[in-house]
Amino acid sequence: QVQLVESGGGLAQPGGSLRLSCAASGMFFSINDMGWYRQGPGPERDLVAVISARGISKYADSVKGRFTISRDSAKNTVYLQMDSLKSEDTAVYYCNADVSLRWYGVPDKFWGQGTQVTVSS
């Protein structure tokens, strides 16, 4: 199967920066979209940013201009550079990848274990 391992969460002050990383490993044919979601106190997990295999990225309106998603396809790794952090960015951040396990069929979604980001003075 596929494992997604996240790193880089922690505590930051308002206006500060953090960089999240997520590396995929296991047996698969290819990785399509990779992205980051976050879950605050509520039950919903919201999209933060996503990047396609071609490098096309999309962002939630709340993070546009502050967060940057990138990927290193050779390392099967996606990054999220978070700048100008705000208290409302506090959440558990989850990595997500759409992975084709075989050359045929539809991709499967895989999730990381989550990493806590806390923005507080």
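Rules of the game
- Residues numbered from 1 in each chain as written.
- Predicted model: local features only at pLDDT ≥ 70, side-chain atom pairs only at ≥ 80, totals over all residues.
- Heavy atoms only, no water.
- Helix = DSSP H or I, 4+ residues; strand = E, 2+ residues; numbered from the N terminus.
- Rg over C-alpha atoms; globule rule 2.2 N^0.38 Å.
- Buried < 20%, exposed > 50% of the residue type's maximum accessible area, 1.4 Å probe, protein only.
- Contact = heavy atoms within 4.5 Å.
- Disulfide = S-S within 2.5 Å.
- Salt bridge = Lys/Arg side-chain N within 4 Å of Asp/Glu carboxyl O.
- Polar contact = N/O pair within 3.5 Å; in protein donor to acceptor, adjacent residues only side chain to side chain.

(A) Structural context of the overall build of the protein. When you go through the protein residue by residue, the secondary structure sums to zero helices and 11 strands. Its helices and strands taken in sequence order, the protein reads β-β-β-β-β-β-β-β-β-β-β from the N to the C terminus. Relative to the 2.2 N^0.38 estimate, which gives 14 Å for 121 residues, the radius of gyration of the protein is 14 Å and therefore close to what a compact globule would have. Once the C-alpha set of the protein is aligned to its principal axes, its extents read approximately 50 × 25 × 25 Å. A burial count over the protein gives 41% of its 121 residues as buried. Residue pairs in contact within the protein that sit at least 24 positions apart in sequence constitute 55% of those at least 6 positions apart.

(B) Seen up close, unusual backbone geometry. With a phi angle near 50°, Asn-76 is a residue other than glycine that sits in the positive phi range. Tracing the chain through its elements places Asn-76 in the loop between β7 (67-72) and β8 (77-82). On the basis of relative accessible area, Asn-76 is assigned to the partly exposed category, the value being 24%. In this model, Ser-84 sits at a positive phi of 50°, which is unusual for a non-glycine residue. Turning to its location among the elements, Ser-84 is positioned in the loop between β8 and β9 (91-100).

(C) Molecular detail of the state of the cysteines. By the definition in use, this model includes one disulfide. Note on cysteine connectivity: Cys-22 is disulfide-linked to Cys-95, with sulfurs 2.1 Å apart. Classification of the bridge connecting Cys-22 and Cys-95 rests on its S-S torsion, roughly -80°, and on that basis the disulfide is left-handed. Taken together, the residues span a long stretch of sequence, with Cys-22 in strand β3 (residues 18-26) and Cys-95 in strand β9 at a distance of 73 residues. Note on accessibility: Cys-22 and Cys-95 belong to one class, buried.

(D) Main features of the pattern of salt bridges. Scanning the entire structure with this criterion turns up four salt bridges. Between Lys-64 and Asp-61 there is a salt bridge; the shortest N-O distance is 3.1 Å. Across the pair Asp-89 and Arg-66 runs a salt bridge, and its minimum N-O distance is 2.8 Å. Separated by 23 residues along the polypeptide, Asp-89 in the loop between β8 and β9 and Arg-66 in the loop between β6 (57-59) and β7 bring together distant segments of the chain.

(E) Geometry of the environment of Ser-121. Tracing the chain through its elements places Ser-121 in the segment after β11 (115-119). Taking C-alpha positions, Ser-121 is 6.5 Å from Pro-14, a pair spaced 107 residues apart along the chain.

(F) The arrangement of the side chain of Asn-96 in detail. With respect to the secondary-structure elements, Asn-96 resides in strand β9. On the accessibility criterion, Asn-96 (4% relative accessible area) is buried. Engagement of the side chain of Asn-96 in a polar contact is seen with the backbone oxygen of Phe-110, the distance being 3.4 Å.

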